[in-house]
Amino acid sequence: MNDLLDPLLLSRWQFGLTTIYHFLFVPLTIGMAAVVAVFQTAWYRTGRAHYLQLTRFFGRIFLINFAMGVVTGIVQEFQFGMNWSDYSRFVGDVFGAPLALEGILAFFFEAAFIGVWIFGWDRLPKGLHLASIWCVSAGTIMSAYFIIAANAFMQHPVGFAMNEAKGRAELTDIWAVLGNKVALAAFPHTLFACFMVAAAVIIAVAAYHLARNQHLETMMPALKFGMWTMLAAGALTVLTGDQLGLTMVDTQPMKMAAAEALYNTATGKDASFSIFTLGTPDGVHELFSIRVPYLLSFLSTHTFTGTVEGINDLQAQYTQVYGPGDYRPIIWVTYWSFRWMIALGVGAVLVSLVGLWLTRKGRFPTRRWVWRVATWTVPLPMAAMIVGWIFTEMGRQPWLVFGLLRTKDGVSPNVTGLEVLISLLVFTLIYGSLAVVEFKLIKKVAQEGPADPAEVDAETGEVKHEVTVY
C-alpha cells in the first residue's frame, strides 16, 4: 500500500498524464493555425469561394482546440509548484526564463491576433486581416520554440552556473539556453510532426464527407491538400529526426542505447537496428530478432563503421562520474516507444501515399472501406508524437535535469501520496470530461461541414452577409 501512495510515483503519473492530455491540443493548434493561414492566403490570391469556406470551416476547429489547450496548459504549469517544488527551486531561475518568454511574448502575441482575426472579418481590409492569421500562426510557433527550449535544458543543461551556497542553478546566458543544440534539433522535428497532425485531421474530415458525396467542391481540394501536406511533412519529420538522433547521441548516449536496447558497445555490422526483438529484460538472451545490419551505426554516427556505446559501458561510466546508482531508463519503454513512434508516423504517410494514387487524375474511389481507412487513421500522427515524447522523457530517466538533478530529488517534500492521489483522480475526472466535450464539439463541426460561401464584394474583396466563424 505504501508503494501505491508513493508521492514520487504518483507525481510522475500525474504530470505524465496531464502533459499527454495537454499535448493532445498542442500539435493540432500549431498545425491548424498554419493550415487556416494557407487557405485564407489562397482565397486572398484567387478569390475562389471554396478557399474561404475551408478557411472558415477549419478555423472553427482551430478555435475550439485552442481554447481547450489554453485551459489544460495553465493547469499543467501549476504542477511545478505543487508536486515538483524542489525541482522548481533548483532550476526555476533557468527553466522559468523561456517559459516566461512564452507566456508574456508568444502567447500574448498569439492570443491578441486571434481576437483580431475573429472580429476583423468585416472590419479590416482583406490583406490586413490575412496578416492577422499569419501572426497567430507565428505566435503558436514561437510558443512551441520557447517551450522546447525549456525542455531542452532538462535534456542538455547550458547557460547556467551552480550557486553552491543556495544549492540551485542560476541563469547566466539566456542566449545559450535559447540556442541549446537540443532545442535547435528538436524544434523543426516537432514542428513538422505538428503539420502531420493537422494534415491527418484534414484528410479524415474530407474523407468523411466525400464518402457521403457531399461538399465535393470543397472537400476534394482539402483531401488533396491534406495528403500532399502529410507526405511533405512526413519526409521533413524523418530528415529532422535524423539530426535530432545525432544530437541525442552526442548529449545523451544512454538514451540512444536504450532506444535500441543495446547492452554492449557495438561497431559497424554489429551495430544493427532491430525492427523487432524478443528477449530477456537484461539483454543477456535474445530469443528472436529482425535486424538491419549497420543501420544503428549509420543512424548514430552517419558512418557504417561507427561505434555505438552500449548500456553496460555507459552505466559504468556514469557510476564513475555521478556516483553509485542505476542510470538506466526503463528499457522496454524506450525500446518500444521509439519503434511505435516510427511505425505510427510511417503508417500515416503510407495512407496518404495510397490515397494520392487512388485519387490520381480525378479518380473517385467508390468503395466505402477506402474512406473509412482515411477517416480512422486520424490518430496515427498524434499517437506517434505522444509516444515520441514518452521516449524523450522516459529515456532521460533517472534524471530530471540530465547530470544535475535526479527525478527522486525534485518532488515536493511536504506533499503526501494521498494528496497527490486525490488530485490525480480529480484531474483525471475533469480532464476526461473536457476530452468528451472537446471531441463532441469538433465532431459536430466536422460533420456539419463548411457553410455556404459568403458573398464577397468583387471590387473591395470585403465579405458581405457575414457567417460567424465560431
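Undergrad: Report on the overall build of the chain, specifying residues and quantitative values.
TA: A count of helices and strands for the chain gives 15 helices and ten strands. The C-alpha atoms of the chain give a radius of gyration of 24 Å, which matches the 23 Å a tight globule of 470 residues would have. Dimensions of the chain along its principal axes, counting C-alpha atoms only, are 75 × 50 × 45 Å. Looking at the chain as a whole, 49% of its 470 residues qualify as buried. Put simply, the chain shows about 22200 Å² of open surface, and 68% of that area lies on carbon and sulfur atoms. Averaging the locations of the 31 positively and 32 negatively charged side chains of the chain gives two centres separated by 11 Å.

Undergrad: Describe the pattern of salt bridges, with residues and values.
TA: Considering all chains together, one arrives at seven salt bridges under this definition. Asp122 is the partner of Arg123 in a salt bridge, and the nearest nitrogen-oxygen pair spans 3.2 Å. The exposure class assigned to Arg123 is exposed, which follows from its relative accessible area of 62%. Owing to a relative accessible area of 47%, Asp122 belongs among the partly exposed residues under this scheme. Among the salt bridges present, the one from Arg396 reaches Glu393, with a minimum N-O distance of 2.5 Å.

Here is what the cut-offs are and how they apply
- Residues numbered from 1 in each chain as written.
- Predicted model: local features only at pLDDT ≥ 70, side-chain atom pairs only at ≥ 80, totals over all residues.
- Heavy atoms only, no water.
- Helix = DSSP H or I, 4+ residues; strand = E, 2+ residues; numbered from the N terminus.
- Rg over C-alpha atoms; globule rule 2.2 N^0.38 Å.
- Buried < 20%, exposed > 50% of the residue type's maximum accessible area, 1.4 Å probe, protein only.
- Areas by Shrake-Rupley, 256 points an atom, 1.4 Å probe, with all protein chains shown as cover.
- Lys, Arg positive; Asp, Glu negative; His and termini not counted.
- Charge placed at Lys NZ, Arg CZ, Asp CG, Glu CD.
- Salt bridge = Lys/Arg side-chain N within 4 Å of Asp/Glu carboxyl O.

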